[in-house]
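If you want the building blocks of each chain, they are given just below.
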Amino acid sequence: MNDRTQAVELIELLRSRRSVRAFTDEPIPSEVLRMIAETAVYAPSAMNRQCWHFSVLTKQEEIRRLAEAVRIACGRDEGYNFYRPAAMILSSADRDFPMGRDDCACAMQNIFLSAYALGVGSVWINQVRESSEAPAVREVLTALGVPPTHAVYGAAALGYAAKPPRVTEKNLGNITYR
Ligand SMILES: Cc1cc2nc3c(=O)[nH]c(=O)nc-3n(C[C@H](O)[C@H](O)[C@H](O)COP(=O)(O)O)c2cc1C
């Protein structure tokens, strides 16, 4: 990237993204969702193995079924629903590849940032990873297209924000310069 204006805009995008935890019922147009999902595979991956898979869910019934299985496996209260997103993207990678989790984390950030650039809110849902080896959750994941040899390392809930997200403080003190 040579254009300084573009660089400044990109950095502002990185700085202003925040997690969204309340979504409207508005669906995300399929071409927008496709653009977001495709940025995942442009993330760096260890040795460029790309032994990952991204499962894009848009059917409310399927998202609800997954949320219900995760809720029970994690002992969450009734009403647990991933914040009722319009869509979800599950990032999974070959269980036997030691860097799969790192690869998926990079892909997840691409998903969050491209979504934000396109006006779509997002948040990481950690309970899918926590419960993904529970048989009842795995059964749903397999039905939703997650390869059985894969561990689920990330889940992004996506949708249009129902209210502005909380602007969390970021701590520049976590950086040292020498
Ligand atoms: C690995 C990871 C797991 C997370 N799990 C959850 C989660 O299960 N539920 C949730 O609401 N937010 C989750 N988050 C979002 C964080 O809470 C959020 O990124 C953090 O509070 C900073 O806020 P920001 O994203 O608005 O900058 C997770 C984020 C990461 C990176």
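Refer to the structure printed above.
Residues numbered from 1 in each chain as written. Predicted model: local features only at pLDDT ≥ 70, side-chain atom pairs only at ≥ 80, totals over all residues. Heavy atoms only, no water.

(A) Up close: unusual backbone geometry. In this structure, Met47 takes a positive phi of about 55° despite not being glycine. Considering the arrangement of structural elements, one finds Met47 in the loop between α2 (30-40) and β1 (52-57). Overall, the relative accessible area of 59% leaves Met47 in the exposed class. Although it is not a glycine, Phe82 adopts a positive phi angle of roughly 60°. (Helix = DSSP H or I, 4+ residues; strand = E, 2+ residues; numbered from the N terminus. Buried < 20%, exposed > 50% of the residue type's maximum accessible area, 1.4 Å probe, protein only.)

(B) Up close: the site of the ligand. Surveying the vicinity of the ligand reveals the residues Arg17, Arg18, Ser19, Arg21, Tyr83, Val123, Trp124, Ile125, Asn126, Gln127, Thr168 and Lys170. Residue Arg17 places a side-chain N or O atom 3.0 Å away from an oxygen atom belonging to the ligand. One of the backbone nitrogen or oxygen atoms of Asn126 is found 2.9 Å away from an oxygen atom of the ligand. Burial of the ligand by the surrounding chains reaches 65%, relative to a free accessible area of 620 Å². Taken together, the residues of the shell around the ligand sort by class into 4 nonpolar, 4 polar and 4 charged. (Near = heavy atom within 4 Å. Polar contact = N/O pair within 3.5 Å; in protein donor to acceptor, adjacent residues only side chain to side chain. Areas by Shrake-Rupley, 256 points an atom, 1.4 Å probe, with all protein chains shown as cover. Nonpolar A, V, L, I, M, F, W, Y, C, P; charged D, E, K, R; others polar.)

(C) Inspection of helix α3 (residues 60-74) at higher detail. Across its 15 residues, α3 extends 21 Å between first and last C-alpha, which sits within 8% of the 21 Å expected from 1.5 Å per residue. Residues of α3 that are buried include every one of Ile63, Leu66, Ala67, Ala69, Val70 and Arg71, and no others. The inward-facing, buried residues of α3 contact β1, β2 (87-94), α5 (127-131) and α6 (135-143). Gly75 sits one or two residues past α3 and shows a positive phi near 65°. (Expected span 1.5 Å × (residues − 1). Contact = heavy atoms within 4.5 Å.)

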